[in-house]
Amino acid sequence: MSMTMDAALVWAYRDELMKAAVEPRNLAAAFGGPGRMRGGHEAADAAASLWARPDNEFGVVPVDCGDEPHRDALAIHAAVLALDAIEPVLPDDWCGWGDVDLGPCAAAVAHDVRARLLDAGGRRLRNPLSVIIRRVALLGLPDAGLDEPELLVECGANGKPRWFRRVEVLDAFGKPLVVEVDGYDRANRRPFPDAYARQYLDPSPVEALVARLELEAWRAALDVLVEDLAGVLDEVVLLPSTLPERPWEVAVSRVLPDLTACPRPVFALRPKKSA
């Protein structure tokens, strides 16, 4: 049977891997064994975990059907797990996409997106590729559309703008350090000449941009999987995905005007094999 890589992932995680049962749990061990009886909240938590239906080893809720997962689905899952060892590459000049104007907040938004997307070392996804792939296979493409945010000024409780300024101070070791302090001159009842107001975007585009970058990584992973699984599967014939490099474009319900001239970033996973 032939199917695109994204369709094969849906088949594997929705139709096949859910056939794998969960290892039975030991009731006595859950409550501490005969030598120890739990009480109160501890006992309630243990009982709840026994009644809950946990995911199986493939991360999906099992269904009792008396059958085993297809061997090709097992091979696909193994290839998906191997993707977690790949280090994604996010272009240094990334600053968003053309359907939202980040304006003067572009640098701050890009910083926040990187912090949410990548780990502390900046080399791994906080959500591993295997988790993203399984989530999309089970739930479908998320809506990564962006409502054009409004540029606002941070205000205080009185509704007036808050003012800040940067000054240089000495730390405990005598080294110069630039810190942000109150920028309002209360004696003259006006901001200092070098004061500035903080600006922010509402609604914040960070969540949607993180979702988009994860989807770019997911889309790039589809091509890697087609290469890795070539000649491995017995019955399934994999075809390249027909989705665009920006897969959310097929999920959004509107098209906003191009407001920025940012470079087109594509989340690279590793160089493609030469023909």
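Refer to the structure printed above.
All values reported here derive from a predicted model rather than from experimental measurement.

Here we look at the side chain of His70
Piece 1. Positionally, His70 belongs in the loop between α3 (40–51) and α4 (71–82).
Piece 2. Engagement of the side chain of His70 in a polar contact is seen with the side chain of Glu235, the distance being 3.3 Å.
Piece 3. Other than its neighbours up to four places away in sequence, His70 contacts Trp11, Glu16 and Glu235.

Points about the nonpolar core
Piece 1. Core analysis: the biggest nonpolar cluster contains 54 residues, and Met5, Leu9 and Ile76 have the highest contact counts within it.
Piece 2. Among the secondary structure elements, those contributing two or more residues to this core are α1 (5–16), α4, α5 (106–117), α6 (129–139) and α7 (206–228).
Piece 3. When residues of this core are assigned to their parent elements, the largest contribution, 13 residues, is made by α7.
Piece 4. Setting aside its immediate chain neighbours within four residues, Met5 contacts Ile76, Leu222, Leu225, Val226, Leu229, Leu238 and Leu239.

A few points about the packing of α5 against α7
Piece 1. It is at 9 Å that the axes of α5 and α7 come closest, and there the two elements cross at 55 degrees. If you check the angle between α5 and α7, you find them oblique. Here α5 runs over α7; the crossing is right-handed. Across from Val109, Asp112, Val113, Arg116 and Leu117 in α5, the residues of α7 making contact are Val206, Glu207, Leu209, Val210, Leu213 and Glu214.

Quick look at unusual backbone geometry
Excluding glycine, residues mostly carry a negative phi; peptide bonds, for their part, are mostly trans.
Piece 1. With omega at 0 degrees, the peptide bond leading from Asp202 into Pro203 counts as cis.
Piece 2. As for its placement among the helices and strands, Pro203 is situated in the loop between β8 (199–202) and α7.
Piece 3. In the Ramachandran plot, Arg189 falls in the positive-phi region, its phi being about 55 degrees despite a non-glycine side chain.
Piece 4. Here Arg189 is to be found in the loop between β5 (184–185) and β6 (190–191).

Observations regarding α7
Piece 1. Helix length check: α7 (23 residues) gives 33 Å between terminal C-alpha atoms against 33 Å at 1.5 Å per residue, within 8%.
Piece 2. Among the 23 residues that make up α7, 18 are buried, leaving the element largely enclosed by the rest of the structure.

Observations regarding the packing of aromatic side chains
Piece 1. A complete count under the given rule lists one aromatic pair for this structure.
Piece 2. For the ring pair Phe164 and Tyr196, a centre distance of 6.5 Å and an interplane angle of 35 degrees mean the geometry is tilted. Here the residue Phe164 occupies a position in strand β3 (residues 163–170), and Tyr196 occupies one in strand β7 (residues 196–197), the gap between them amounting to 32 residues.
Piece 3. In this structure Phe164 comes out as buried when scored by relative accessible area, which is 7%.
Piece 4. If you follow Arg165 out to its NZ or CZ, it ends over the ring of Phe192, 4.2 Å from the centre.

Digging into the packing of α1 against α6
Piece 1. Where α1 contacts α6, the axes come no closer than 8 Å and their chain directions differ by 80 degrees. Relative to α6, the element α1 is oriented roughly perpendicular. Contacts between α1 and α6 involve Leu9, Val10, Tyr13 and Arg14 on the former and, on the latter, Ile133, Arg134, Ala137, Leu138 and Leu139.
Piece 2. A breakdown of the residues in the contact of α1 with α6 according to their chemical character gives seven nonpolar, no polar and two charged.

Some points on the sheet that holds strand β4 (residues 176–182)
Piece 1. If you walk across this open sheet you meet the three strands as β4-β3-β7, and the pairing is antiparallel. Each edge of the open sheet is held by one strand with a lone partner, namely β4 and β7.
Piece 2. As judged from the seven bridges shared by β3 and β4, these two strands associate in the antiparallel manner. Looking across to β4, one finds that Glu168 is bridged to Val178.

Notes on the environment of Leu213
Piece 1. Tracing the sequence through the fold places Leu213 in helix α7.
Piece 2. Counting along the chain gives 33 residues from Leu213 to Arg246, while the straight-line C-alpha distance between them is 8.8 Å.

The rules behind the values
- For every chain, the first residue of the written sequence is number 1, and numbering continues from 1 along that sequence.
- Since the coordinates come from a predicted model, pLDDT governs what is reported: local features require at least 70, and pairs of side-chain atoms require 80 or more to be given and counted, while whole-chain, interface and lining totals use all residues.
- To obtain the side-chain values, all non-hydrogen atoms of the structure were included, while hydrogens and water were left out.
- In this text, helices come from DSSP runs of H or I with a minimum length of four residues, and strands from runs of E with a minimum of two, each type numbered from the N-terminal end.
- Any pair of N or O atoms that falls within 3.5 Å is considered a polar contact. Within protein, one atom must be able to donate a hydrogen and the other to accept it, and sequence-neighbouring residues count only if both atoms are side-chain atoms.
- Residues are treated as being in contact if the distance between any of their heavy atoms lies within 4.5 Å.
- Working definition of a nonpolar core: buried Ala, Val, Leu, Ile, Met, Phe, Trp, Tyr and Cys residues. They are joined through side-chain atoms within 4.5 Å.
- Each residue gets one of three labels from its accessible area relative to the maximum for its type: buried under 20%, exposed over 50%, partly exposed in between, using a 1.4 Å probe on protein chains only.
- Fitted lines through C-alpha atoms give the axes, limited to the stretch in contact for helices. The angle between two N-to-C directions lies from 0 to 180 degrees.
- Reported orientations rely on four angle classes, namely roughly parallel under 35 degrees, roughly antiparallel over 145, roughly perpendicular from 65 to 115, and oblique for the rest.
- Note on convention: near helix rotated counterclockwise from far helix by under a right angle means a left-handed crossing. Clockwise means right-handed.
- In a helix, the anticipated span is given by 1.5 Å times the number of residues less one.
- To pair, rings of Phe, Tyr and Trp, with the six-membered ring standing in for Trp, must have centres within 6.5 Å; the planes then decide the type, stacked if under 30 degrees apart, edge-to-face if over 60, and tilted in the middle.
- Two thresholds decide whether a charge sits over a ring: the Lys NZ or Arg CZ must be within 6 Å of the ring centre and within 35 degrees of the ring normal.
- Each residue gets one label: Ala, Val, Leu, Ile, Met, Phe, Trp, Tyr, Cys and Pro are nonpolar, Asp, Glu, Lys and Arg are charged, and the others, such as Gly, are polar.
- Any two strands with at least two DSSP-identified bridges between them are counted as paired.

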